[in-house]
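So the chains spell out like this:
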Amino acid sequence: MGDFYQNGIVTTLHNLCRRPVEELEAELMTFSQSRPMALVLPCLYSELEGPALKHIVTELAKVPFLDQIVIGLDRANEEQYRHAMAYFSELPQHVRVLWNDGPRLRQVDLLLREQGLAPTEMGKGRNVWYCFGYVLACNRARSVALHDCDILTYSRDLVARLIYPVANPNFNYMFCKGYYARVADGKMNGRVSRLLVTPLIRALKKVCGPSDFLDYLDSYRYPLAGEFSLRTDVINDLRIPSDWGLEVGVLSEMKRNYSTNRLCQVDIADVYDHKHQELSEHDSSRGLSKMSTDISKAVFRKLATNGEIFSQEKFRTIKATYYRIALDFIETYQNDAVINGLSLDRHKEEKAVELFARNIMKAGAYFLENPMDTPFIPSWSRVKSALPDIMEALHDAVEVDNREYRPGIVEPS
Ligand SMILES: O=C(O)[C@H](O)COP(=O)(O)O
C-alpha cells in the first residue's frame, strides 16, 4: 500500500485500497454508455512469438467495457499478418489490426509522403500515430488507452485503472499517465527512467534555473511509462516524435495544450516487468543507448522552444552536473533496494550512467549542429487540412485488409 502524497502539479491517483477489478469494471461499463472506450496496442510481429502477448490477449478477452481494440502491427509480411489476424481473433471486442507494412497502408503513407506529411522514421511513434489516426477516422471512441505488448506481469486491472480517469464523465482529465514501481525478480529496473531522466531533469534545473516545464516533467512518477490514456479530442492537435522521444514528447504536448489540472497520473500495477533491452554500449543506434540520446534531444529541443539558449559549454556543465547527481541517485537507489531486500548491481548502474553522460553530450552536439532537425510527425488536424479525404482512405484501407485476411477466408488460388 503506497502513500497519498500529491506533488501539487499534476494530480496523482494512487492505489490506496486494492479495489476489486470487477467493481471498477462495473463503473466503467456505466461510463461506456456515454463515453465509448478504445484500446490501442502498438505491436511488433516478433511480440506475437514472445512470452507476454498471449497472456495479455487472454486477459483482454475478459474486459467488458472496451468497445474497440486497435492493434498497430509493425514488421509483418503477408503470412505474418494473416497469422496476427487469427491470433487476435479470440478478442470479443471490435478488433482491427493495422498492417503497417501492407500494400494498402503503404499507399496511404505514400499519399502523405507526397505532401511531406508522412512520419520519416519507422518505430513505435509512427505506429501509435497511425493507430490514433484510425481511431479518429472511426469516430466511435471518446476515451482511448494505450499500452505496450511486452508486459510480462499483465492483469486486466491495468487497463481498467489506466482508462478510468479519462472515462469517468465526472472527472475533468484530458490525459492520464500510468506509473508503477518497475521491480521484478528481486531487482530494480527502469534504468533509463531512474538513471537518465530524473537526474537529467534535476541537473537542468540547476544549470538552466527555474522552469515550469522541468518541474512539470519532474512531477510524473514514471515519465517513460509506455502506458497512457486520453480523451479522443486530444489526438487532433498532438505532435509526437517518431523516435524514443515519444513519451517525453507526449508529456510536453499535454503541458503546451492543457492546463495542468486537466492532467493526471495513475498507479496501474503493483508489479511490472517487461522485455529488457540491452544497454548497447558499443552501438549508439540501438538499445538504451539510442533511447537515452533520443530522450535527451527531446528535452533539449523542448527547453529551446521555451527560450533556453544552449552552447557547447552549457552542455558540458549539464553533463558534469548530471553525472554528479546521477551518482548520488545510485546511492539512494541502493539503500532503497537494501531495505527492501532487493539487489542492485552498482557497477552496472555506474556504467549506465557513464554511457548516458556521454550521450547527453552527443545529443547536445547534435542539437547545436541540427537545431531545425526535428523528428515530429505532423498533427492529424494539419494532415486533415492538407488531405481532406485522408481519414476515409485510412479507414477504408484498414477495413479492406481486415476483411480480406479475416480467419476462415480462403486465399484465392
Ligand atoms: O523505462 C526505462 O527506464 C527503460 O524502458 C528501460 O527499462 P528497463 O531497465 O526496465 O529495461
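Scope of this entry: the structure provided in the associated data block.

Criteria and thresholds
- Residues numbered from 1 in each chain as written.
- Predicted model: local features only at pLDDT ≥ 70, side-chain atom pairs only at ≥ 80, totals over all residues.
- Heavy atoms only, no water.
- Helix = DSSP H or I, 4+ residues; strand = E, 2+ residues; numbered from the N terminus.
- Rg over C-alpha atoms; globule rule 2.2 N^0.38 Å.
- Buried < 20%, exposed > 50% of the residue type's maximum accessible area, 1.4 Å probe, protein only.
- Contact = heavy atoms within 4.5 Å.
- Areas by Shrake-Rupley, 256 points an atom, 1.4 Å probe, with all protein chains shown as cover.
- Lys, Arg positive; Asp, Glu negative; His and termini not counted.
- Charge placed at Lys NZ, Arg CZ, Asp CG, Glu CD.
- Pairing = 2+ DSSP bridges.
- Axes fitted to C-alpha atoms, helices over the stretch in contact; angles between N-to-C directions.
- Near = heavy atom within 4 Å.
- Polar contact = N/O pair within 3.5 Å; in protein donor to acceptor, adjacent residues only side chain to side chain.
- Right-handed = clockwise from strand over helix to strand, strands pointing away.

Focus on the overall build of the chain
Argument step 1. The helix and strand tally for the chain stands at 16 helices and 10 strands.
Argument step 2. Computed over the C-alpha atoms, the radius of gyration of the chain is 21 Å, within 12% of the 22 Å expected from 2.2 N^0.38 for a compact globule of 413 residues.
Argument step 3. Summarising its shape, the C-alpha atoms of the chain cover approximately 65 × 50 × 40 Å along the three principal directions.
Argument step 4. Across the 413 residues that make up the chain, the buried fraction comes to 55%.
Argument step 5. Residue pairs at least 24 apart in sequence account for 81% of intrachain contacts in the chain once pairs closer than 6 positions are excluded.
Argument step 6. About 17,800 Å² of surface is accessible on the chain, with carbon and sulfur atoms providing 50% of the total.
Argument step 7. A gap of 3 Å separates the mean positions of the 50 positive and 55 negative side-chain charges of the chain.

Some words on the sheet that holds strand β4 (residues 94–99)
Argument step 1. One open sheet accounts for 8 strands, arranged β1-β10-β6-β9-β5-β2-β3-β4; its pairing is mixed. Taken across any chain shown, the strands that pair with only one partner, and hence form the sheet edges, are β1 (11–13) and β4. Each neighbouring strand pair of the sheet contributes to a mean axis angle of 20 degrees, computed without reference to strand direction.
Argument step 2. As judged from the 4 bridges shared by strand β2 (residues 37–44) and strand β5 (residues 143–146), these two strands associate in the parallel manner. Looking at the pairing, Val-40 lines up with Leu-146 of β5.
Argument step 3. Strand contacts of helix α4 (residues 78–87): β3 (66–74) and β4, with the helix running at about 170 degrees to β4, the strand carrying the most contacts.
Argument step 4. Here helix α7 (residues 157–167) sits on the sheet and contacts β1, β2, β5, β6 (175–180), β9 (228–231) and β10 (263–269); the angle it forms with β10, its principal contact strand, is near 165 degrees.

Structural notes on the site of the ligand
Argument step 1. The environment of the ligand is made up of Arg-182, Asn-189, Gly-190, Arg-191, Val-192, Ser-193, Tyr-222, His-274 and His-276.
Argument step 2. In the model, an oxygen atom of the ligand is placed 2.8 Å from a nitrogen or oxygen of the Arg-182 side chain.
Argument step 3. At 3.0 Å from an oxygen atom of the ligand is found a side-chain nitrogen or oxygen belonging to His-274.
Argument step 4. Within the complex, the protein chains bury 95% of what would otherwise be the 320 Å² of accessible surface of the ligand.

Some details on the pairing of β4
Argument step 1. β4 sits mainly inside the fold: 5 of its 6 residues count as buried.
Argument step 2. Summarising the sheet, β3 and β4 pair through 6 bridges and their orientation is parallel. Bridge pairing links Gln-68 to His-94 in β4.
Argument step 3. In this fold, the crossover linking β3 to β4 by way of α4 has right-handed handedness.

Examining the side chain of Asn-189
Argument step 1. For Asn-189, the position within the fold is in the loop between β8 (187–188) and α8 (191–208).
Argument step 2. With near-sequence residues (within four places) excluded, Asn-189 lies in contact with Arg-182, Ala-184, Arg-194, Asp-273 and His-276.

Just distances and angles here, no functional claims.
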